Amino acid sequence: MNPQAKLIFTISLLLGTTITISSNHWVTAWAGLEINTLAILPLISKSHHPRAIEAATKYFLTQAAASALILFSSMTNAWHTGQWDISQLTHPTSCLVLTAAIAMKLGLAPFHFWFPEVLQGSPLTTGLLLSTIMKLPPMTLLFMTSPSLNPTLLTSMAILSTALGGWMGLNQTQTRKILAFSSISHLGWMAIIISYNPKLTLLNFYLYILMTTAVFLTLNSINALKLSTLMTTWTKIPSLSAMLFLTLLSLAGLPPLTGFLPKWLIIQELTKQSMTPAALALSILSLLGLFFYLRLAYCATITLPPHTTNHMKQWHINKPTSTAIAILTTVSITLLPISPLIPITI
C-alpha cells in the first residue's frame, strides 16, 4: 500500500476514535464511528486476497448495521425525551437497542460471529488494530451509558461470551482465530462488571490492550500465523519465545502475572454485589480459555515438531527484538505487584 494512503487511513482512524471518545452528542459519536469503519476497511483488504476482501465485506456490513442501530436508538430516545446527550439515555427501548448495537460493534456474544472471520482474513497488524483501538469507541459509549443499561441482560451476554469464547477457541489451529476468541472471552469479563463498577471495566480493558498488543507484536515479529509455524520458533528466538509463553499465561489470568489482577478485582466486586453464582460461572468458564492459552504456550516453547511441517522454512536471523515488544511483554508480566495501589485510584 502507498505510504501516503496508509498515513491518511491511520490519521482518519485516530480522528474517528478521538471524535467518538470526546463527544457528548449522539450524532457526533455516530460520525466518529463511521470514520473509524471507513478508515479500517482499506487496511483489512490491502492484500487483495479473496479472504481479505471477504473479511472487509463482513466487517463493513456488521459495522454499518450496528451504526444504524445506534442512530435508531438515539433518535428513539430523542423522540421520547428530547435529549441528544449520550449520558441522558433513559428510554427502555433505546437502552435495549443500544446494548445490541454496542455488542455488535465489540463482538460480544451473541453478536460475535463476524469477529473471528474478519480477524482471520486480516494481516496481524490490522488484527491488532481491530482487537484493541477499534474497540475503544464502542467501549467508551458503553461506559457513558452504563447506568441506564439493563444489568441482567449484560450479565447474561457476558457469561455467554465467556462460554463461547472459551469453547469455540478449543479446536483452533490459526493464531489469529485463537486471539479473536480470546478477545470475545475477555469482553465477557468487561461487560459483566460495567453496571456495578465501570472503572474496573476500563482497568480490565487497558490491561487487555496491553497484553494483546504484546502477543500480536511478538507473533508478527516471528511471522507465526499457525500453530505449526509457532512450533519451530523456539530454536530461532528462544528469549522471545519464553516471554511469549509468560505473556500468554498472563492473558489467561494466572497469578502472579498481570492478567490475574482484573479477574481478581472483578470476582471480588461481584461477590460484594451478591453475585457469587455469576462469579463462580465466570471463573469456571475461564478454564476453557486457559486450555487454549496453554496450548499456544506449549507450542511456542515446550514442544518441538516430531515431523516435517508443511510450511515455508524461516532461516535464523540475529535481529534484535524491538523495544516496544520488550517493554510490553515486561509490563504484561510484572504489573501485579503494584496492585495494592489500584483500589486507591478506583
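Given the structure is predicted, the values throughout are model-derived calculations rather than measurements.

Conventions we followed
- The residue numbering used here restarts from 1 in each chain and proceeds along that chain's sequence as written.
- Owing to the predicted nature of the model, reporting of local features is limited to residues with pLDDT of at least 70; listing and counting of side-chain atom pairs is limited to 80 or more, with chain, interface and lining totals taken over all residues.
- The side-chain numbers reported here are obtained from all heavy atoms of the structure, hydrogens and water having been left aside.
- Note on conventions: DSSP H or I runs of at least 4 residues are helices, E runs of at least 2 residues are strands, and numbering of each starts at the N terminus.
- A 1.4 Å probe rolled over the protein chains alone gives each residue an accessible area, and that area as a share of the maximum for its type sets the label: buried under 20%, exposed over 50%, partly exposed in between.
- UniProt positions are given in the numbering used here, feature names are shortened, and annotations may be inferred rather than shown by experiment.
- For each domain, the first and last residues come from an automatic or database assignment.
- Any pair of residues with heavy atoms lying within 4.5 Å of one another is described as a contacting pair.
- Just to be clear on terms, a salt bridge is a Lys or Arg side-chain nitrogen sitting within 4 Å of an Asp or Glu carboxyl oxygen.
- Any N or O atom pair separated by 3.5 Å or less is treated as a polar contact, with the protein-specific requirement of one donor-capable and one acceptor-capable atom, and with residues adjacent in sequence counted only for side-chain atom pairs.
- Classes in brief: Ala, Val, Leu, Ile, Met, Phe, Trp, Tyr, Cys and Pro nonpolar; Asp, Glu, Lys and Arg charged; the others, Gly included, polar.
- Aromatic rings from Phe, Tyr and Trp, with only the six-membered ring used for Trp, were paired whenever their centres fell within 6.5 Å, and each pair was classed as stacked if the ring planes differed by under 30 degrees, edge-to-face if by over 60, and tilted otherwise.
- Put simply, a charge is over a ring when the Lys NZ or the Arg CZ is close to the ring centre, within 6 Å, and near the line of the ring normal, within 35 degrees.
- To obtain each axis, a line is fitted to C-alpha atoms, and for helices this fit is confined to the stretch in contact; angles are then taken between N-to-C directions over 0 to 180 degrees.
- An angle below 35 degrees is read as roughly parallel, one above 145 as roughly antiparallel, one from 65 to 115 as roughly perpendicular, and any other as oblique.
- Each crossing gets its handedness from the near helix: less than a right angle anticlockwise from the far helix is left-handed, clockwise is right-handed.
- Note on terminology: a nonpolar core comprises buried Ala, Val, Leu, Ile, Met, Phe, Trp, Tyr and Cys residues joined through side-chain atoms within 4.5 Å.

By the element assignment, Ser183 lies in helix α9 (residues 175-193). Residue classification places Ser183 among the buried positions, given a relative accessible area of 0%.

Our focus in this paragraph is the UniProt feature "transmembrane region" (unreviewed entry) in the protein. UniProt marks residues 55-74, 95-115, 153-171, 178-197, 203-225, 237-258, 278-304 and 325-344 with the feature "transmembrane region" (unreviewed entry), using the numbering shown here. Helix makes up 67% of residues 95-115 and strand 0%. Its end C-alpha atoms lie 23 Å apart. Within the segment residues 153-171, helix and strand shares are 84% and 0% respectively, and the terminal C-alpha atoms sit 29 Å apart.

Turning next to the domain arrangement of the protein. What the domain assignment reports for the protein is domain 1 (1-149) and domain 2 (150-345). Computed over C-alpha atoms only, the centres of domain 1 and domain 2 are separated by 23 Å. The interface is formed by 31 residues belonging to domain 1 together with 38 residues belonging to domain 2. Seen at the junction of domain 1 and domain 2, the total is one salt bridge. Lys177 is the salt-bridge partner of Glu117, the closest N and O atoms lying 3.4 Å from each other. Taken together, the connections running from domain 1 to domain 2 amount to six residue pairs in polar contact (both at pLDDT 80 or more). If you list the elements that add at least two residues to the side of domain 1 that touches domain 2, you get α4 (92-106), α5 (114-120), α6 (124-131) and α7 (136-145). Looking at the side of domain 1 that touches domain 2 residue by residue, the class counts come to 18 nonpolar, 11 polar and two charged.

So, on to the packing of aromatic side chains. Taken as a whole and judged by the stated rule, the model has five aromatic pairs. Between Trp114 and Phe115, the ring centres sit 5.4 Å apart and the planes meet at 75°, which makes this aromatic pair edge-to-face. Here Trp114 falls in the buried class, since its relative accessible area comes to 8%. On the basis of an interplanar angle of 45° and a centroid distance of 6.5 Å, the ring pair of Phe205 and Tyr206 is categorised as tilted. With relative accessibility at 49%, the residue Tyr206 sits in the partly exposed group. Above the face of the Phe115 ring, Lys135 is positioned so that its terminal group lies 4.0 Å from the ring centre. In this structure, Lys263 packs its charged tip against the face of Trp189, placed 5.1 Å from the ring centre.

Another aspect to go through is the packing of helix α12 (residues 238-252) against helix α15 (residues 323-334). Taken N-terminus to C-terminus, the directions of α12 and α15 make an angle of 40°; their axes are 9 Å apart at the nearest point. Viewed along their axes, α12 and α15 adopt a mutual orientation that is oblique. Seen from above, α12 lies across α15 with left-handed handedness. Contacts from Leu240, Met243, Leu246, Thr247 and Ser250 in α12 reach Ile325, Thr329, Thr330, Ser332 and Ile333 in α15.

Another point: unusual backbone geometry. Residues apart from glycine generally show negative phi values, whereas peptide bonds are mostly found in trans. Cis geometry marks the peptide bond from Ala109 to Pro110; its omega dihedral reads 5°. The residue Pro110 is located in the loop between α4 and α5 in this model. For the peptide bond that leads from Pro255 to Pro256, omega is 5°, which places it in the cis range. As for its position among the elements, Pro256 is in the loop between α12 and α13 (260-272). Phi is positive for Asn223, which is not a glycine, with a value near 55°. Considering the arrangement of structural elements, one finds Asn223 in the loop between α10 (198-222) and α11 (227-230). Judged by its relative accessible area of 45%, Asn223 falls in the partly exposed class. Its identity is not glycine, yet Ser274 carries a phi of approximately 60°, on the positive side. Along the chain, Ser274 falls in the loop between α13 and α14 (276-302).

Counting 88 residues, the largest nonpolar core has Tyr59, Leu130, Leu219 and Leu230 as its most contacted members. Sorting elements by how many residues they give to this core places α10 first, with 13 residues. Lining this core are residues from two domains, each supplying at least three of them: domain 1 (1-149) and domain 2 (150-345). Among residues more than four places away in sequence, those in contact with Tyr59 are Thr37, Ile40, Leu41, Ile44, Trp114, Val118, Leu130 and Met134.

A few words on the packing of α10 against α15. Running from N to C, α10 and α15 cross one another at 140°; their axes reach a closest spacing of 9 Å. The angle between the axes of α10 and α15 places the two elements in the oblique class. Our pair here, α10 against α15, has a crossing hand that is left-handed. In this structure, α10 uses Leu210, Met211, Thr213, Ala214, Leu217, Thr218 and Ser221 to contact α15, whose residues at the interface are Ala324, Ile325, Leu328, Thr329, Val331 and Ser332. Grouping the constituent residues of the contact of α10 with α15 by class yields eight nonpolar, five polar and no charged.

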